[in-house]
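Residue strings, one per chain:
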Amino acid sequence: MVHVYNCHPYASQQIVQVEQEPGLVCCGGGSLFVVTTGGCKVEAYNLEQEGCPLLCRFATMGTVRSILHSNIGDYLVTIEEKNSSTYLRAYTNWRYQAEEKARVGVRLLGHLLRGASQRGGVQMEIIEIPLSERPVAVACCPLTGDLLVGCDKTLVLFTLRRQNQQNMPNVQHPSSNQPSASQSPDQTPNQSASFLDFERSVILHLPATNPKQVALCAGYVAVQAELEVLVLKLHANYEPKDLAPEETSAAPKDDQAEDQIDFLLLPRHQELLGERAANCDIPVSIEKTALEDSGQNTFSYVLFRRFTPDYFQGCSVEGTHLHSLKLHPLFPSRQSGAEEPACVFCFFSLPTAGYLYSLKGGVELLSTYQYPEKVLEAVLTDHLLHVITKSALQCFTVRCAAVAARLEDPYIDTTMRACPPCNLEVCALRMQLFIGLRSVRACGRHVILFSAADAETAEETERNVQRRGLSRKWTMSAPKETSAVGHGWNLYVVETVPPLTLYHEMVEYSQHYAQNKQHAQSLWHLLSEAHLLLRAALLQSSQPHLRSSSNGGPADAPPDRTATEQAFQENCAQLGDCFSRGSQRHCHQALPYYRMSGLSVTDVMARNRPLPSSPHAYGPGFLFYLKHYLLEETDQHLAQEAADEVIDIFSQSEPSQLIAACASPTMTNVSPDRTLRILQHLEASAGVSVALTITMATMALRLDDLAQYAQLMERHAEMVLVYGFIEEPRLLLHGGGAGQRAAIAPTALSHQMAKSQPGLLVASMVALHENNKVQLEQVDQMFQVLGCENSLQVDFWEATLMASSQEAVIQELLFRLSSVYIDRLTHTSTDKRLVQPLARRSLKSADDLINSCSHYGALHPWLIVLSPPHSTSFEHQEALHKMQSLLCGPSLPVASVAPLLESLPDQALWGFSLHLLCATRRGQYDRSIEDLLDRCPQAIIAYANHHLQDQYMDLWWKKLLPELCHRTRVAPDNCILLAALKETLVVVATETSPAQFLELLPEDGTASYFLPHLLTCSQRHLLA
């Protein structure tokens, strides 16, 4: 479907004063080239000056059948006939003919001129390009200047080269030293001139098709036959291979064609995209002819489209054929000119319909143009598609900017940014009547038309066009009269209006649909067209060196980017308005468009205030935008009037969103008294809920009504309140949803709970962390802001360690808690006073943690001997027991905390106990026994009973017994050592045989002392 609007994309027109009737027309480089009737003379006119004055004229070597200009290299390529032979020639340095320099050089491809003419300076050159087959069509790459020639059964690709006088190739870009379109010949230096040349690089053999038109762009090759189009992509492969062509499939046999000569075969309609295009029945083989490298070029199929003549379209079979093939590149603004284009489009047309495909990033049909009458030619530009019929110039919109926007910005089609869809239905902007149009070309903002009147009168033409056009409800302007000279042809240069001017006209036109809801779809469509027009203008203004590369024209005057950006924001606001009041299906589009508009939320609310006739009717898109705005973590705060208006909007439209609105950080200035009354009314109508109760308590707290605050918070148990905070975390803190590094700001409710209900605050934060509502670092930041980093923060770590099942979190918390406990032990003294006293006691004591958390182990019995209760301050004792419990538990890796423990002194027994626990965890039992006997021998038996079991049982007699014997020999009066020796002998006598026991006895020991233990060992052995 094609939407029709009556806009004015064409600003003015002028008639080129051509002396003889044009035969062929082409344009590029800011110039218009006219091949006069007879085909042996080319005239160049300046499109950039008023009246299009003549630049130069020069004769050709034959009758020109086709002419094309390349902006890269600024050369003309022609297909000429002479004496029944067809030639391909390139004309370089043609601008020097403007000074009537008659010197012209003629040379073959690959041969440079020498002699007097060479020494005389730069001159126009005619390069003869020999071919083995008759050339049919030519195309130039708009990015590299390479030349593609279509012959009867082959495509020949020539690479553009720049060579110096010594015939040495220069690898620099062909356009680096070429004079621009606006540069006169006197500005071009002659002393270091270089010359264009071509090198035959690739030959594509297509035995089953007859090319009519060809196109080349960025490695894509398109060939068009009567009713089929094939697009290939050339790839450079630098691995040495055999240069002989490899046929992909067999060509049709001649005898089959002879058998079918009496039949008219109509092939079936076919469309193959991407890799499926290789299944088409057109065989292609490649032959490499370049000599610079030993690599081999390959190709892949991209697109194949075949049409069947349709008798119901008003065209005869003979008149149904494809035309206007073009490959069109587009560069997003972030790319430089030397890079490959991000977008390449392929356009071709039937007399009744045109087709635009996107080739990169997946082949896709973007638009289908249904023409109201038979179209003769079409030309595609960045902004518009211009087509001509026999009696009218028509203008359609294009979707190239929509594809480029999505390739350039990954946030398109998200809640951040939006763009109209690539498959948006196209629209026709204008039908401008002319008489006897024959051809159309485009160069920048210039549209060149050639018209020649037929035998029928102008009145008959106008009457026929009006009869055909009005039946399709097209709005047309009056037909253009021919010039008064009296000849039956004209060459027009039509100027298109700037995109910003056309945008303003579209906006004005859209006001016809704004007041009628039945025309909402048309309003959205027209605003979307204006949006894409501005996107294309912004894209063009950001790439001044590429603005004309695809059309062969010079760089247009850059539009006022500031004004265009302002118009773009205005258009986004209009699209946001359109979606805010639209249907529920597309209401989410209001959010990204309002964001791109740059409007504040108060501006958006002002644009969406309901009419007096329906005071409570807010659009779904506006409510969607407002809800997402309130969910954002931002430093901006609404004024009280605007915040109260937000509360009124949700209380009228979506009361269930009031809690989220009140919890938003942007609503800090809302009137608490007024909001509390609205929430109480909501509670009376919808019932009691935990989150609603907490929200009401927050408003009471802001009113400094602590009695009402306490009464509301006491309605529910603490665990029920925790579920309320899980439902709406922003009641406790702001900034938790923007990632791990987002700044955290605790609310007034958090400050109050830290004072009056610290346990509830810690439990709530643990629940939020376990439900992935907040990150560990963010909770730390929150407690630091609250000034509770040495108390509630540690309580949170301990509670999270009890609740978490994530190993990484557990290990992180174990290290943090160990650091805190060691730090507390370092900053305490034994006189029962804390150097830096805690503001309050911990929520969980050491016994509580041991009984409720598996990561805290029960204290070993021998630790009580080393650090008896009440020997130090309470804070010191708690920190010591918690650290000892972690070392007694199964989870804390000793290696991670050993460097921290090195800072603890071991002179005191409590410090020695921690070092001893670490050595024991590392399996250093021999050293531990020695250290314990040195520092606290009364704990050795308790230590041995706990640790020297199972595989370490032999340490009783291998290590402990010899140590005790040695020490009692030195200190025979030490009662502690004697008691320990006695206990050790009891264990050794129980675990060893009599013979082993005798071997363990010291040689100088008293027999009467060891005899009872030997007797016990013997009796046990006999009983066993």
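Residues numbered from 1 in each chain as written. Predicted model: local features only at pLDDT ≥ 70, side-chain atom pairs only at ≥ 80, totals over all residues. Heavy atoms only, no water.

### Points about the overall build of the protein chain
Of the regular secondary structure elements, the protein chain holds 32 helices and 35 strands. The buried share of the protein chain, taken over its 1024 residues, is 54%. In the protein chain, the share of contacts with a sequence separation of at least 24, taken over all contacts with a separation of at least 6, comes to 66%. Accessible surface for the protein chain amounts to roughly 45,800 Å². Of this, 51% is attributable to carbon and sulfur atoms. (Helix = DSSP H or I, 4+ residues; strand = E, 2+ residues; numbered from the N terminus. Buried < 20%, exposed > 50% of the residue type's maximum accessible area, 1.4 Å probe, protein only. Contact = heavy atoms within 4.5 Å. Areas by Shrake-Rupley, 256 points an atom, 1.4 Å probe, with all protein chains shown as cover.)

### Observations concerning the nonpolar core
In this structure, Leu385, Leu449, Leu761, Met765 and Trp956 are the most contacted members of the largest nonpolar core, which totals 208 residues. In terms of residue count, helix α6 (residues 520–541) provides more of this core than any other element does, 10 residues in total. When near neighbours in sequence (up to four residues on either side) are disregarded, Leu449 contacts Ile388, Leu393, Phe434, Leu437, Ser439, Val440, Asn490, Leu491, Tyr492 and Val494. Counting 50 residues, the second largest nonpolar core, distinct from the first, contains Ala277, Val284, Cys346 and Tyr357. (Core = buried A, V, L, I, M, F, W, Y, C linked by side-chain atoms within 4.5 Å.)

### Details of the sheet that holds strand β26 (residues 364–370)
Strands sit in the order β23-β24-β25-β26 across an open sheet of 4 strands; the sheet is antiparallel. Every interior strand has two partners, whereas the edge strands, β23 (323–330) and β26, have only one. Strand-to-strand, the axes of this sheet are offset by a mean angle of 15°, without reference to chain direction. As paired elements, β23 and strand β24 (residues 343–349) share 6 bridges and run antiparallel to each other. Residue pairing in the sheet places Leu327 in a bridge with Cys346 of β24. Contacting β23, β24, β25 (353–358) and β26, helix α3 (residues 400–408) crosses the sheet at an angle of about 160° to β24. (Pairing = 2+ DSSP bridges. Axes fitted to C-alpha atoms, helices over the stretch in contact; angles between N-to-C directions.)

### Description of empty space enclosed by the protein
Overall, the coordinates contain 9 cavities of 30 Å³ or more when judged by the stated rule. Reported here for the second largest cavity is a volume of approximately 80 Å³. Lining of the second largest cavity is provided by Asp382, His383, Leu384, Thr397, Val398, Arg399, Ala401, Met506, Glu529, Leu532, Leu533 and Ala536. With 4 residues, α6 is the largest single contributor of residues to the lining of the second largest cavity. Across the lining of the second largest cavity, the residue classes break down as 7 nonpolar, 2 polar and 3 charged. (1 Å grid on protein atoms, 1.4 Å probe; cavity = no way out; pocket = protein on both sides within 12 Å on 5 of 7 lines; lining within 4 Å. Points joined across faces, edges and corners; volume = space filled by probe spheres on them. Nonpolar A, V, L, I, M, F, W, Y, C, P; charged D, E, K, R; others polar.)

### What about the sheet that holds strand β9 (residues 85–92)?
Strand order across the open sheet formed by 5 strands is β7-β8-β9-β11-β10, with mixed pairing between neighbours. With partners counted over all chains shown, the strands left at the sheet margins are β7 (63–70) and β10 (104–108), one partner each. Taken pair by pair, the neighbouring strands of this sheet meet at an average axis angle of 25°, ignoring direction.

### Concerning unusual backbone geometry
One non-glycine residue, Asn83, adopts positive backbone phi at about 55°. Relative to the elements of secondary structure, Asn83 occurs in the loop between β8 (75–82) and β9.

### Some points on the pattern of salt bridges
One pass over the structure, following the stated rule, counts 37 salt bridges. Across the salt bridge formed by Glu963 and Lys959, the nearest N and O atoms sit 3.3 Å from each other. Within this pair, Glu963 and its partner Lys959 are both found in helix α29 (residues 955–970), separated by 4 residues, close to a single helical turn. Comparing Glu963 with Lys959, the two get one shared label, buried. (Salt bridge = Lys/Arg side-chain N within 4 Å of Asp/Glu carboxyl O.)

### Focus on the side chain of Asp197
If you trace the backbone, Asp197 turns up in strand β16 (residues 195–205). At a separation of 3.5 Å, a polar atom in the side chain of Asp197 contacts the side chain of Arg107. (Polar contact = N/O pair within 3.5 Å; in protein donor to acceptor, adjacent residues only side chain to side chain.)

### Thoughts on the packing of aromatic side chains
Using the criterion set out here, one finds 22 aromatic pairs in the structure. Measuring from ring centre to ring centre gives 4.9 Å for Phe33 and Trp94, while their planes differ by 80°; the resulting arrangement is edge-to-face. Residue Phe33 is found in strand β4 (residues 31–36), and its partner Trp94 is found in the loop between β9 and β10; the two are separated by 61 residues along the sequence. The interplanar angle of 75° and the centroid separation of 5.7 Å between the aromatic rings of Tyr369 and Phe396 together place this pair among those described as edge-to-face. Placement of the pair is Tyr369 in strand β26 and Phe396 in strand β29 (residues 392–397), with a sequence separation of 27 residues. (Phe/Tyr/Trp six-rings, centres within 6.5 Å; stacked < 30°, edge-to-face > 60°.)

### Concerning the confidence of the model for the protein chain
Close reading of the predicted structure is inappropriate where its pLDDT is low. Mean pLDDT over the protein chain works out to 83, with 82% of the residues at or above the 70 mark. Across residues 240–260, confidence stays below pLDDT 50; counting only partners more than four residues off in sequence or on other chains, it has 23 contacts. Overall, residues 457–461 carries pLDDT values under 50, and its contacts beyond four positions in sequence, including any with other chains, amount to 3 contacts. (pLDDT = per-residue confidence, 0-100.)

### Re the packing of α29 against helix α30 (residues 975–991)
Across the interface, α29 lies against α30 with an axial gap of 10 Å and an inter-helix angle of 150°. Overall, the two elements α29 and α30 adopt an arrangement that is roughly antiparallel. In the crossing of α29 with α30, the sense of the turn from one axis to the other is left-handed. Every residue of α30 that contacts α29 at Trp956, Trp957, Leu960, Leu961, Leu964, Cys965, Arg967 and Thr968 is listed here: Leu977, Leu978, Ala980, Leu981, Thr984, Leu985, Val987, Val988 and Glu991. Residues belonging to the contact of α29 with α30 are distributed by class as follows: 13 nonpolar, 2 polar and 2 charged. (Parallel < 35°, antiparallel > 145°, perpendicular 65-115°, else oblique. Left-handed = near helix turned anticlockwise from the far one by under 90°.)

### Some remarks on helix α10 (residues 620–631)
Taking 1.5 Å of rise per residue, the 12 residues of α10 would be expected to cover 16 Å, and the 17 Å separating its terminal C-alpha atoms lies within 8% of that figure. Residues of α10 that are buried sit in contact with α7 (561–580), α8 (590–597), α9 (601–607), α11 (640–653) and α12 (658–663). (Expected span 1.5 Å × (residues − 1).)

### Let's talk about the environment of Tyr629
Mapped onto the fold, Tyr629 is located in helix α10. In this structure Tyr629 comes out as buried when scored by relative accessible area, which is 9%. Considered as a pair, Tyr629 and Val601 are 28 residues apart in the sequence and their alpha carbons are 7.9 Å apart.

### Some thoughts on the environment of Val375
By secondary structure assignment, the location of Val375 is in the loop between β26 and β27 (377–380). Taking the relative accessible area as the measure of exposure, Val375 reaches 1% and is therefore buried. Linking Val375 and Ser349, residues 26 residues apart in sequence, is a C-alpha distance of 8.5 Å. Each residue touching Val375, except ones within four places of it in the same chain, is listed here: His323, Pro351, Val387, Ile388 and Thr389.

### Details of the side chain of Ser349
If you trace the backbone, Ser349 turns up in strand β24. At a separation of 3.0 Å, a polar atom in the side chain of Ser349 contacts the side chain of Tyr371.

### A look at α11
The end-to-end C-alpha distance of α11 is 20 Å, a good match for the 20 Å that 14 residues give at a rise of 1.5 Å each. For α11, every residue scored as buried is listed here: Ala642, Ala643, Asp644, Glu645, Val646, Ile647, Ile649 and Phe650. Where α11 is buried, its residues touch α9, α10, α12 and α13 (672–686).

### Examining the packing of helix α16 (residues 718–727) against helix α18 (residues 758–770)
In the contact formed by α16 and α18, the axes pass within 9 Å of each other and the chain directions differ by 45°. One element, α16, and the other, α18, form an angle in the oblique class. Where α16 crosses over α18, the handedness of that crossing is right-handed. Contacts between α16 and α18 involve Glu718, Leu721, Val722, Phe725 and Ile726 from the former and Leu760, Ala763, Ser764, Ala767 and Leu768 from the latter. Counted by class, the contact of α16 with α18 contains 8 nonpolar, 1 polar and 1 charged residues.

### Notes on the environment of Thr747
Checked against the element boundaries, Thr747 lands in the loop between β35 (745–746) and α17 (748–756). Along the primary structure Thr747 and Thr668 are separated by 79 residues, whereas in three dimensions their C-alpha atoms are 9.7 Å apart.

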